[in-house]
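Residue-level structural notes
Spelled out, the chains give:
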Amino acid sequence: MRIIDIINDSRNPLFSFEILPPLKGNSIFRVYDIIEKLKRFDPKFVNITSHHSEYIYKPLPDGTHRRVSVVKRPGTVAIAAAIQNRYGLIPVPHIICKGFSREETEYALLDLNFLGITNLLVLRGDEKGADPMHGQGHSHQYATELQNQINLFNKGIGLDDMNIEGIETPFSYGMACYPEKHEEAPNMESDLYYLKKKVENGADYLITQMFFDNEKYFSFVERCRAEGITVPIIPGIKPISKKTQLTVLPKIFRTDIPEELASRIRESKSDSEVKEAGIEWGIRQCMELMEKGAPGIHFYTMSVSDSVSKIAEKLF
Ligand code: FAD
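Let me begin by describing the structure that accompanies this report. If you're wondering where the values come from, they're calculated on a predicted model, not measured in any experiment.

1. Let's talk about the overall build of the protein chain
In terms of regular secondary structure, the protein chain is built from eleven helices and ten strands. Here the C-alpha atoms of the protein chain give a radius of gyration of 20 Å, agreeing with the 20 Å that 2.2 N^0.38 yields for 316 residues. Dimensions of the protein chain, computed from the C-alpha atoms along their principal axes, are close to 60 × 60 × 45 Å. Taking all contacts inside the protein chain whose residues are at least 6 apart in sequence as the whole, residues at least 24 apart take part in 77%. For the protein chain, the computed accessible surface area is about 15,600 Å², with 50% contributed by carbon and sulfur atoms. For the protein chain, the distance from the average position of its 39 positive side-chain charges to the average position of its 43 negative side-chain charges is 5 Å.

Next up, the structure:
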């Protein structure tokens with residue numbers, strides 16, 4: 001079933017969440033533990049992030065280091081299949097440009113097609129730390145280019161015009177958006193211009209970058225509507241859990257932390273107090289979003305699945 005149909009058919013805001021594949025070498029049970037914790041809230045879909053290869057430096061006995069290229073969190077497609085088989089939940093694997101050649105993307109699409117996984121989130125992928133050599137010259141630069149490859153695949157056209165059989169259920173997909181503007185966009189107008197292209201090109205719905213100030217989301221949705229972007233815009237929410245996030249989150253995700261929350265974090269004496277503050281803020285934030293018409297809440301669970309569970313308990 002397509003995520004857009006689930007959204008349109010639902011009378012209440014939907015609960016969904018994102019998980020990361022375990023670090024290379026760690027057990028898939030780390031993923032199952034999160035799903036076990038959150039499945040009672042009836043998640044309508046579960047996203048699985050995708051990660052490009054990056055350089056790490058391995059220490060050698062002589063005190064020098066060897067530079068190696070690794071994917072720290074491999075297994076997106078396999079985990080999507082495992083979630084589908086084990087829980088009957090709808091998996092939404094992320095497909096990214098960075099670090100993947102067009103050929104590798106096509107192999108992933110073929111695997112997903114064979115597995116009967118038809119919902120995707122289509123993204124450019126993080127630039128930071130990406131192995132600059134991997135996929136170079138053969139990977140897409142922007143999410144819209146990757147989108148074109150997927151749209152052609154849906155019509156049975158592969159790379160080099162190869163004929164692809166058996167696309168009974170074409171991929172349908174969502175894409176990303178940024179209520180506080182993408183960090184590389186020179187201004188909001190430019191970001192919205194490209195966002196509109198994503199929607200015209202076939203994105204069924206959008207999921208936002210995390211934010212803590214609901215006003216940013218509401219005014220962003222209003223601007224999108226004024227620009228003719230009419231698809232559902234699902235807020236992405238991550239509860240704060242550590243004091244260091246006060247500076248790390250604005251730096252990495254370019255998101256403002258409202259002063260009321262910031263001062264609460266500053267005054268906290270331990271991370272467990274910060275976690276409590278994050279849960280309380282998350283409940284208030286999500287309640288308001290749901291009351292004012294958000295189509296669902298999509299939770300980022302990395303390191304905070306306990307907090308997400310406590311927030312979801314109050315809302316779903
Ligand atoms: P794009 O839509 O390609 O936009 C990137 C920038 O280029 C924007 O500034 C945009 O305005 C501009 N732009 C777009 N098209 C053009 C064009 N044709 N010409 C000129 N400029 C253009 N990262 C991962 O690595 N793995 C993940 O699994 C992952 N999951 C995510 C999930 C969500 C919900 C979100 C919000 C982000 C996720 N990210 C993930 C991070 C994301 O990949 C980065 O934020 C990335 O920098 C941008 O991705 P995008 O798909 O929005 O890119």
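2. Brief notes about the sheet that holds strand β8 (residues 205-210)
Two orientations exist for strands paired in a sheet by backbone hydrogen bonds: parallel and antiparallel. Taken in spatial order, the eight strands close into a barrel running β1-β2-β5-β6-β7-β8-β9-β10, and their pairing is parallel. Each neighbouring strand pair of the sheet contributes to a mean axis angle of 30 degrees, computed without reference to strand direction. With four bridges joining them, strand β1 (residues 14-19) and strand β2 (residues 45-48) adopt parallel strand pairing. Pairing of Ser-16 across the sheet is with Phe-45, part of β2.

3. Describing unusual backbone geometry
With phi around 80 degrees, Lys-181 is a residue other than glycine that occupies positive phi space. Within the element layout of this structure, Lys-181 appears in the loop between β7 (172-177) and α6 (188-200). For Arg-254, which is not glycine, the phi torsion reads 55 degrees and is therefore positive. Tracing the backbone shows Arg-254 in the loop between α8 (245-253) and α9 (259-267). Classification of Arg-254 as partly exposed rests on a relative accessible area of 43%.

4. Observations regarding the pattern of salt bridges
As enumerated under the stated definition, the model contains 15 salt bridges in all. Between Arg-2 and Asp-5 there is a salt bridge; the shortest N-O distance is 3.0 Å. Owing to a relative accessible area of 38%, Arg-2 belongs among the partly exposed residues under this scheme. Classification of Asp-5 as partly exposed rests on a relative accessible area of 27%. Between Glu-313 and Arg-40 there is a salt bridge whose closest N-O contact spans 2.8 Å. Here Glu-313 is found in helix α11 (residues 305-315), whereas its partner Arg-40 is found in the loop between α2 (29-38) and β2, with 273 residues between them in sequence.

5. Details of a negative patch on the surface
Judged by side-chain charge, Glu-103, Glu-104, Asp-160 and Asp-161 come together as a negatively charged surface patch. Counting through the fold element by element, Glu-103 comes out in helix α4 (residues 102-115). Judged by relative accessible area, which is 36%, Glu-103 ranks as partly exposed.

6. Describing the side chain of Glu-180
Inspection of the secondary structure assignment puts Glu-180 in the loop between β7 and α6. Reaching out from Glu-180, the side chain makes a polar contact with the backbone nitrogen of Asp-256 at a distance of 2.7 Å. Not counting residues up to four positions away in its chain, the partners in contact with Glu-180 are Met-188, Met-210, Phe-211, Lys-216, Arg-254, Thr-255 and Asp-256.

7. Description of helix α5 (residues 143-154)
Taking 1.5 Å per residue as the helical rise, α5 with its twelve residues ought to reach 16 Å, and the 16 Å between its terminal C-alpha atoms agrees with that figure. All buried positions along α5 are accounted for by Ala-143, Leu-146, Gln-147, Gln-149, Ile-150, Asn-151, Phe-153 and Asn-154. Packing partners of the buried residues in α5 comprise β5 (91-96), α4, β6 (119-123), β7 and α6. Trailing α5 by a residue or two, Gly-156 shows a phi angle of about 85 degrees, which is positive.

8. A word on the nonpolar core
Core analysis: the biggest nonpolar cluster contains 67 residues, and Phe-17, Ile-19, Ile-83, Leu-120, Leu-206 and Phe-299 have the highest contact counts within it. Ranked by residues supplied to this core, first place goes to helix α3 (residues 76-87) with seven residues. For Ile-83, the residues in contact, after removing those within four places along its chain, are Ile-19, Val-31, Ile-35, Val-46, Ile-48, Gly-88 and Leu-89. Membership of the second largest hydrophobic core comes to 25 residues, among which are Ile-7, Ile-96, Leu-246 and Val-274.

9. Some words on the site of the ligand
Neighbouring residues of the ligand: 24 residues in total, closest His-94, Arg-124, Tyr-178, Asp-191 and Lys-198. Contact between the ligand and Tyr-178: an oxygen atom at 2.7 Å from a side-chain N or O atom of the residue. Tyr-194 has a polar side-chain atom sitting 3.4 Å from a nitrogen atom of the ligand. Calculation on the ligand without its partners gives an accessible area of 990 Å², and the protein chains cover 88% of this total. In terms of residue class, the shell around the ligand is built from eleven nonpolar, seven polar and six charged.

10. Considerations on the packing of aromatic side chains
The geometry of an aromatic ring pair is captured by the separation of the ring centres together with the interplanar angle, meaning the angle of the planes. Inspection of every chain in the model, using the stated rule, returns eleven aromatic pairs. When the ring of Phe-15 is compared with that of Phe-17, the centres are 5.8 Å apart and the planes differ by 40 degrees; the resulting orientation is tilted. An identical accessibility class is assigned to Phe-15 and Phe-17; each is buried. Look at Phe-29 and Tyr-32: their rings are 5.2 Å apart centre to centre, the planes differ by 90 degrees, and that puts the pair in the edge-to-face class. Placement of both Phe-29 and Tyr-32 in helix α2 is noted, with a separation of three residues, approximately one turn of the helix. A connected cluster of aromatic rings, assembled from ring pairs, spans Phe-15, Phe-17, Phe-41, Phe-299 and Phe-316. Here Arg-67 stacks its cationic end above the ring of Tyr-55, 3.7 Å away from the centre of that ring. Above the face of the Tyr-32 ring, Arg-86 is positioned so that its terminal group lies 4.0 Å from the ring centre.

Calculation criteria
- Residues numbered from 1 in each chain as written.
- Predicted model: local features only at pLDDT ≥ 70, side-chain atom pairs only at ≥ 80, totals over all residues.
- Heavy atoms only, no water.
- Helix = DSSP H or I, 4+ residues; strand = E, 2+ residues; numbered from the N terminus.
- Rg over C-alpha atoms; globule rule 2.2 N^0.38 Å.
- Contact = heavy atoms within 4.5 Å.
- Areas by Shrake-Rupley, 256 points an atom, 1.4 Å probe, with all protein chains shown as cover.
- Lys, Arg positive; Asp, Glu negative; His and termini not counted.
- Charge placed at Lys NZ, Arg CZ, Asp CG, Glu CD.
- Pairing = 2+ DSSP bridges.
- Axes fitted to C-alpha atoms, helices over the stretch in contact; angles between N-to-C directions.
- Buried < 20%, exposed > 50% of the residue type's maximum accessible area, 1.4 Å probe, protein only.
- Salt bridge = Lys/Arg side-chain N within 4 Å of Asp/Glu carboxyl O.
- Patch = residues over 30% accessible without salt bridge, like charges linked within 9 Å, V, L, I, M, F, W, Y side chains within 5 Å.
- Polar contact = N/O pair within 3.5 Å; in protein donor to acceptor, adjacent residues only side chain to side chain.
- Expected span 1.5 Å × (residues − 1).
- Core = buried A, V, L, I, M, F, W, Y, C linked by side-chain atoms within 4.5 Å.
- Near = heavy atom within 4 Å.
- Nonpolar A, V, L, I, M, F, W, Y, C, P; charged D, E, K, R; others polar.
- Phe/Tyr/Trp six-rings, centres within 6.5 Å; stacked < 30°, edge-to-face > 60°.
- Lys NZ or Arg CZ within 6 Å of the ring centre and 35° of its normal.

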